[in-house]
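Each chain, written out:
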Amino acid sequence: MTWNAATPSSVTAVAAGGAAAGSGGRLDWAQVQQSLRKQVAEEDYETWLAPLTLDVVDARGVTLTVPTSFIQSWVEQHYREIVATSVEGQLGRPVAVNIRVAPVFHSMQAPKAAAEKVPADVPAPQVADDEAAGSRFDPRYTFATFVTGNSNEFAAMAAQRVAQEGGFNPLFMYGGVGLGKTHLMHAIGWDIGARRPAEKILYLSSEQFANRYVRAMRERDLLKFRERVRNVDVLMVDDIQFVCGKDGFQEEFFHTFNALVGAGKQVILTADKSPHDLANLDDRLRSRFASGLTVRVEPPGVEMRLAILQSKAAQLGLELPTEVLESLAVTIASNVRELEGALNRLVAQSRLMGAAITLEFAREQLSDLYRLHTRVTTVDDIQKAVADYFKIRVADMHSPRRSRHVARPRQVAMYLCKQLTNKSFPDIGRAFGGKDHTTVMHGVKAIQSLMESDGELAEHVGVLEGMLGGRRG
Ligand code: ADP
Ligand code: MG
């Protein structure tokens, strides 16, 4: 997890990106440790702070590692303040401090104090597969960097539980692209590596799995393949939908699966659909896949998208204007990968051009994304949103009914049409079941003046306006 040790109001990507190493950039870790030791009880220091190791000081700030996620979360909850202040005090400047988990059996490298260095890949947990570079876990994908909310809470809890003590076998996570399934798998890998370093984990994209299998068939060496795949404590196969249709694969996987689960080994799978909905899946596998715990990852809502952006920005050691993050969060609703991509692009551009990241800068640099994602709001959108919101039927938008509970929402919709589209009063009248333009004018005025006296109504309108957002059409 990351936090900004200091939050100077106008730090831009440029400052954080390079020239910031004004006062040397060297961090004397021994001094920081001494200072920490003075600030807490000896026992607490030994338990929680002594395990902190300096990993790297670079453009992203200062990265410290701890051996387990438990220590990490404890340090964050109880000691983040003093750690950050001590680091800053030593360094003589504000800096972002990151703490991440690096399994202790790997953190034997000497602390690197080199500035301007991209953080070294922390060696992954015991990966049972030496050939596959792809089977290394990405150090950015940990539980600590995974933002949770309604859309993925259950999946994240299940993943954590499996990492902690197993129990759901298989764990099957499914959902659309870019929603964090791979991230969660890697996080499980890191966490298991930290908790039970002796366990062998095999992480394979389904492509890797299929390639291995096909090669083994060709080389008539299926036994070796089986031995390799089955001789692990944890088998993870990512995006299993891609191999479902492959010849012979299902048969092989069925046996692998049974062998592993039968021996009490953990199997973790992801796919774009639930076992029930996966096409081309043999019924035996379908029921096996569904026999553990199946969890769905859904697209995040706007608030969560904002939280994710804030967390990513903090990880990059950046303090960006909230309006920029909000605007990205509102605009890019498709998936987290795109959201992250947009942020990275923006940061790279600002570094390149030496420009601060403002809302105008974002709109300019990401104009293609803004155009793509900012749909023009139509009268239909508005009628539907307002009807939904006030729980009336869309047909009531067009009807002549005058009872208050439909007439008022209808006026709200008319008002929003005037605000959010370029339609004229007569146009709007026609779209509301052929009403006269004076009826529309009257409705719009009524809402305008009511909003001044009726706070609740003003709030409803505000929420709807936010939901519909968009550009004038
Ligand atoms: P999937 O495997 O579902 O297609 P990924 O796990 O590759 O998606 O996620 C795409 C990107 O979005 C990754 O960089 C990942 O770190 C990020 N991401 C997705 N969900 C979250 C989240 N809840 N919190 C933080 N980052 C996330
Ligand atoms: Mg993935």
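Structure: see above.
Residues numbered from 1 in each chain as written. Chains lettered and ligands numbered in written order. Predicted model: local features only at pLDDT ≥ 70, side-chain atom pairs only at ≥ 80, totals over all residues. Heavy atoms only, no water.

**A closer look at the overall build of the chain**
- Of the regular secondary structure elements, the chain holds 21 helices and nine strands.
- For the chain, buried positions account for 47% of its 473 residues.
- Within the chain, contacts between residues separated by at least 24 positions form 73% of all contacts whose residues are at least 6 apart in sequence.
- For the chain, the accessible area works out to roughly 22500 Å², and carbon and sulfur atoms hold 51% of it. (Helix = DSSP H or I, 4+ residues; strand = E, 2+ residues; numbered from the N terminus. Buried < 20%, exposed > 50% of the residue type's maximum accessible area, 1.4 Å probe, protein only. Contact = heavy atoms within 4.5 Å. Areas by Shrake-Rupley, 256 points an atom, 1.4 Å probe, with all protein chains shown as cover.)

**Focus: the site of ligand 1**
- Neighbouring ligand 1 are 18 residues, the closest being Val-147, Gly-178, His-183, Arg-337 and Glu-340.
- A distance of 2.9 Å separates a nitrogen atom of ligand 1 from a polar atom in the side chain of Lys-312.
- Here an oxygen atom of ligand 1 and a side-chain polar atom of Glu-340 are 2.4 Å apart.
- Isolated, ligand 1 exposes 550 Å² of accessible area, and the fraction of that covered by the protein chains is 96%.
- Looking at the shell around ligand 1, the elements that each hand over two or more residues are α6 (181-195), α11 (302-315) and α13 (336-353). (Near = heavy atom within 4 Å. Polar contact = N/O pair within 3.5 Å; in protein donor to acceptor, adjacent residues only side chain to side chain.)

**Section: a negative patch on the surface**
- A contiguous patch of negative charge on the surface is contributed by Glu-323, Glu-326, Glu-360 and Glu-364.
- If you list the elements that add at least two residues to the negative patch, you get α12 (322-331) and α14 (359-365). (Patch = residues over 30% accessible without salt bridge, like charges linked within 9 Å, V, L, I, M, F, W, Y side chains within 5 Å. Salt bridge = Lys/Arg side-chain N within 4 Å of Asp/Glu carboxyl O. Lys, Arg positive; Asp, Glu negative; His and termini not counted. Charge placed at Lys NZ, Arg CZ, Asp CG, Glu CD.)

**Some words on the nonpolar core**
- Within the largest apolar cluster, 28 residues are counted, with the highest numbers of intra-cluster contacts made by Phe-172, Phe-209, Leu-235, Ile-240, Phe-253, Leu-269 and Phe-289.
- For this core, the secondary structure elements donating two or more residues are β5 (171-174), β6 (201-205), α7 (206-218), α8 (222-230), β7 (234-238), α9 (249-262), β8 (266-271) and α10 (283-289).
- Tallying contributions element by element places α9 first for this core, with five residues.
- Residues in contact with Leu-269, not counting those within four places in the same chain, are Pro-170, Leu-171, Phe-172, Met-173, Met-185, Val-237, Ile-240, Phe-253, Phe-257 and Phe-289. (Core = buried A, V, L, I, M, F, W, Y, C linked by side-chain atoms within 4.5 Å.)

**A look at the pattern of salt bridges**
- With the rule as written, the count across this model stands at 20 salt bridges.
- Arg-230 is paired through a salt bridge with Glu-252; the nearest N and O atoms lie 3.6 Å apart. Taken as a pair, Arg-230 in helix α8 and Glu-252 in helix α9 lie far apart in primary sequence, 22 residues in all.
- On the basis of relative accessible area, Arg-230 is assigned to the partly exposed category, the value being 26%.
- The partner of Arg-284 in a salt bridge is Asp-282, and the shortest N-O contact between them spans 3.7 Å.

**Overview of the pairing of β7**
- Most of β7 sits out of view: five of its five residues are buried.
- Taking every second residue as pointing to the same face, both faces of β7 are buried, with Val-234, Met-236 and Asp-238 on one and Leu-235 and Val-237 on the other.
- Two elements, β6 and β7, share five bridges in a ladder whose sense is parallel. Within β7, the position partnered with Leu-204 by the bridge is Val-237.
- Strand direction decides the pairing type here: β7 and β8, joined by four bridges, are parallel. (Pairing = 2+ DSSP bridges.)

**Description of the packing of α11 against α12**
- Across the interface, α11 lies against α12 with an axial gap of 8 Å and an inter-helix angle of 130°. In terms of orientation, α11 lies oblique with respect to α12. Like other packed secondary-structure pairs, α11 and α12 cross with a definite hand, here right-handed. Contacts between α11 and α12 involve Val-302, Arg-305, Leu-306, Leu-309 and Gln-310 on the former and, on the latter, Leu-325, Glu-326, Leu-328, Ala-329 and Val-330.
- Tallied by class, residues from the contact of α11 with α12 come to seven nonpolar, one polar and two charged. (Axes fitted to C-alpha atoms, helices over the stretch in contact; angles between N-to-C directions. Parallel < 35°, antiparallel > 145°, perpendicular 65-115°, else oblique. Left-handed = near helix turned anticlockwise from the far one by under 90°. Nonpolar A, V, L, I, M, F, W, Y, C, P; charged D, E, K, R; others polar.)

**Here's the deal with unusual backbone geometry**
- In this model, Asn-169 is joined to Pro-170 through a cis peptide bond whose omega is 0°.
- With respect to the helices and strands, the residue Pro-170 is situated in the loop between α5 (153-165) and β5.
- Positive phi, normally seen in glycine, also occurs at Asp-239, with a value near 60°.
- For Asp-239, the position within the fold is in the loop between β7 and α9.
- Asp-239 gets classed as partly exposed once you look at its relative accessible area, which sits at 24%.

**A few points about helix α16 (residues 379-390)**
- Its twelve residues give α16 an end-to-end C-alpha distance of 16 Å, which sits within 8% of 16 Å, the value for a rise of 1.5 Å per residue.
- Looking only at α16, the buried set comprises Val-379, Ile-382, Gln-383, Ala-385, Val-386 and Ala-387.
- Tucked into the core, α16 has its buried residues touching α17 (395-398), α18 (404-420), α19 (425-431) and α21 (455-468).
- Where α16 ends, the next residue or the one after it, Lys-391, has phi of about 55°, a positive value. (Expected span 1.5 Å × (residues − 1).)

**Let's talk about the sheet that holds strand β9 (residues 293-296)**
- On the basis of which strands lie adjacent, the open sheet formed by five strands has the order β6-β7-β8-β5-β9 and parallel pairing. Of all the strands in the sheet, the pair left with one neighbour each is β6 and β9. The average undirected angle you get between the axes of adjacent strands in this sheet is 15°.

**What about the pairing of strand β4 (residues 96-101)?**
- Along β4, six of the six residues are buried, which leaves the element largely enclosed by surrounding structure.
- Two strands pair when backbone bridges link them, and strand β3 (residues 61-66) and β4 are joined in this way by five bridges, in the parallel orientation. Bridging from a neighbouring strand, Val-66 pairs with Val-101 of β4.

**Overview of the packing of aromatic side chains**
- On inspection of all chains with the given rule, the structure shows twelve aromatic pairs.
- Note on Phe-172 and Phe-289: the rings are 5.8 Å apart at their centroids and 35° apart in plane angle, and the pair reads as tilted. Of the two residues, Phe-172 is situated in strand β5 and Phe-289 in helix α10; the sequence distance between them amounts to 117 residues. Residues Phe-172 and Phe-289 agree in their burial class; the two are buried.
- The interplanar angle of 80° and the centroid separation of 5.0 Å between the aromatic rings of Tyr-389 and Phe-390 together place this pair among those described as edge-to-face.
- When its relative accessible area of 26% is taken as the criterion, Tyr-389 is described as partly exposed. (Phe/Tyr/Trp six-rings, centres within 6.5 Å; stacked < 30°, edge-to-face > 60°.)

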